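Examining the three-dimensional arrangement
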Amino acid sequence: LPVLLGLDSGRPAEVLYPSHIPHEHNLPLVLVLHAWGSNATYHASYLGVTDRVQKFNFIALLPNGIKNSKGFRFWNAPACCNRENIAVDDLGYLTDLLNEAKRKLPVDPEKIFVMGHSNGGQMALYLTCRYKEPGRIGGLVSIAGFGLPPGCQLPQPSSALFVHGTHDDIVPYESSVQVFNEWVVCQDCLPDRSPELPPSSTVA
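The text that follows walks through the structure, step by step, so that each part is easy to find. (Residues numbered from 1 in each chain as written. Predicted model: local features only at pLDDT ≥ 70, side-chain atom pairs only at ≥ 80, totals over all residues. Heavy atoms only, no water.)

Here we come to unusual backbone geometry. Omega for the peptide link from Cys80 to Cys81 comes to 15°, which places this bond in the cis form. As for its placement among the helices and strands, Cys81 is situated in the loop between strand E6 (73-74) and helix H3 (90-104). At Ser118, a position not held by glycine, the phi torsion is positive, near 60°. Turning to its location among the elements, Ser118 is positioned in the loop between strand E7 (107-117) and helix H4 (119-130). Look at Ala144: it is not a glycine, yet its phi comes out positive at around 55°. Structurally, the position occupied by Ala144 is in the loop between strand E8 (139-143) and strand E9 (159-163). (Helix = DSSP H or I, 4+ residues; strand = E, 2+ residues; numbered from the N terminus.)

Here we take up the nonpolar core. Counting residues in hydrophobic clusters, the biggest one holds 29 residues, and the most contacted among them are Leu31, Leu61, Leu94 and Leu127. Put simply, the parts of the chain that give this core at least two residues each are strand E2 (13-16), strand E3 (27-33), strand E4 (59-62), H3, E7 and H4. The element contributing the most residues to this core is H3, with six residues. Those residues in contact with Leu61 that sit more than four places away from it in its chain are Leu5, Ala13, Glu14, Val15, Leu29, Val30, Leu31, Val32, Leu97 and Ala101. One finds Val30, Val49, Phe58 and Leu62 within the second-largest nonpolar core, a separate group that totals 13 residues. (Core = buried A, V, L, I, M, F, W, Y, C linked by side-chain atoms within 4.5 Å. Buried < 20%, exposed > 50% of the residue type's maximum accessible area, 1.4 Å probe, protein only. Contact = heavy atoms within 4.5 Å.)

Okay, the side chain of Thr128 next. Counting through the fold element by element, Thr128 comes out in helix H4. Looking at Thr128, its side chain comes within polar contact range of the main-chain oxygen of Ala124, at 2.8 Å. Beyond its immediate chain neighbours, meaning those up to four positions away, Thr128 contacts Val114, Ile137, Leu140, Leu154, Ser158 and Trp183. (Polar contact = N/O pair within 3.5 Å; in protein donor to acceptor, adjacent residues only side chain to side chain.)

Encoded structure:
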């Protein structure tokens, strides 16, 4: 099985497999998107991806955003963080990467997920909203993310988990609350009563 995808684009992404699972088994795929200024290798270590791949039996795909003029990697999502207006189509790149993964890896097409941190969380939201290929992204995790793309309409619902620290002094906790509320509306999954989020002062 390939250990790198995206070679044709010039932006290779590392693939991690559980070592004890036969490769003929179709497994969930998790696309992991690093934060602004970080990179795939560091963020995989920071989030413990390698250990989780082995423990929970999924395939991880670890791409990198491109570097700006100061050497900081970023994802070109609508709300942030292409501050130099570099011409890069990350939506197309990540869509092609997922399509390549479905062709070349033992992936369960009904179990494709995206996890992103900060700018990566915003890119995870953008990708899930705009992914128009056969199949769908079954769910996302946004860690300290923000900025749901305007006009987000999914042909099929996708689950979402929003994680945010209340002491975050870069991306406010309230930004995830706002995105959560927008996600509920755009997914047309309003419950019988409005969800009750605890005030930030009471969240451990």
